[in-house]
Amino acid sequence: MASAPFAQRTNGKAIASLVLSILGLVGILPLLGSLLGILLGHLARDEIARHPEAMTGEGLAQAGVILGWIGLALNLLGILCALAVIGSVIGLGICTTAMQESSRLLLLQIFFH
């Protein structure tokens, strides 16, 4: 009697990679989702490559890795923009105070000398 072929299973890490990367991309799990999506995507691709007869999900894992990197890049860009805005607000406050002080000193010199 011939053995019945078994069905290939979709790798769970590939599914988790895609889901976490999407959550990281849309901002529900900002950095964590993207990082875990990248990590699980690479692990899933390695497992699928070792057992191609038993597992599927290479495309899901690849999509998880790609979306994870995109999400990570966008999150880091957002952090840099936030830091730039905070820095410019703090910097403008310092510059404004310095300009007011120098203007006051200039007026004092003009009127009292």
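Everything numeric here is computed off the predicted structure, so don't read it as measured data.

1. Overview of helix H1 (residues 12–26)
For H1, which comprises 15 residues, the first-to-last C-alpha distance of 21 Å matches the rise-based estimate of 21 Å (1.5 Å per residue) to within 8%. Along H1, the positions that sit buried rather than exposed are Ala14, Ser17, Leu18, Leu20, Ser21 and Gly24. Sitting at the head of H1, asparagine 11 places a side-chain oxygen 2.7 Å from the backbone nitrogen of lysine 13.

2. Side note on helix H2 (residues 30–50)
A rise of 1.5 Å per residue sets the reference length of H2, with its 21 residues, at 30 Å; its end C-alpha atoms lie 31 Å apart and thus fit the reference within 8%. Of all the positions in H2, only Gly33, Ser34, Gly37, Ile38, Leu40, Gly41, Ala44, Glu47 and Ile48 are classed as buried.

3. Considerations on the pattern of salt bridges
All chains considered together, the criterion is met by two salt bridges. Notably, a salt bridge pairs glutamate 47 with lysine 13, separated by 2.5 Å at the nearest N-O pair. On the criterion of sequence distance, the pair formed by glutamate 47 in helix H2 and lysine 13 in helix H1 is long-range, its members being 34 residues apart. Classification of lysine 13 by relative accessible area gives partly exposed; the value is 30%.

4. Details of the packing of H1 against H2
Orientation of H1 relative to H2, taken along the N-to-C sense of each, is 155°, at an axis distance of 7 Å. Compared by their axis directions, H1 and H2 come out roughly antiparallel. Judged by the twist between their axes, the crossing of H1 over H2 is left-handed. Contacts from Lys13, Ala14, Ala16, Ser17, Leu20, Ser21, Gly24 and Leu25 of H1 reach H2 at Pro30, Gly33, Ser34, Leu36, Gly37, Ile38, Leu40, Gly41, Leu43, Ala44 and Glu47. Per-class residue counts for the contact of H1 with H2 are 10 nonpolar, seven polar and two charged.

Rules of the game
Residues numbered from 1 in each chain as written. Predicted model: local features only at pLDDT ≥ 70, side-chain atom pairs only at ≥ 80, totals over all residues. Heavy atoms only, no water. Helix = DSSP H or I, 4+ residues; strand = E, 2+ residues; numbered from the N terminus. Expected span 1.5 Å × (residues − 1). Buried < 20%, exposed > 50% of the residue type's maximum accessible area, 1.4 Å probe, protein only. Polar contact = N/O pair within 3.5 Å; in protein donor to acceptor, adjacent residues only side chain to side chain. Salt bridge = Lys/Arg side-chain N within 4 Å of Asp/Glu carboxyl O. Axes fitted to C-alpha atoms, helices over the stretch in contact; angles between N-to-C directions. Parallel < 35°, antiparallel > 145°, perpendicular 65-115°, else oblique. Left-handed = near helix turned anticlockwise from the far one by under 90°. Contact = heavy atoms within 4.5 Å. Nonpolar A, V, L, I, M, F, W, Y, C, P; charged D, E, K, R; others polar.

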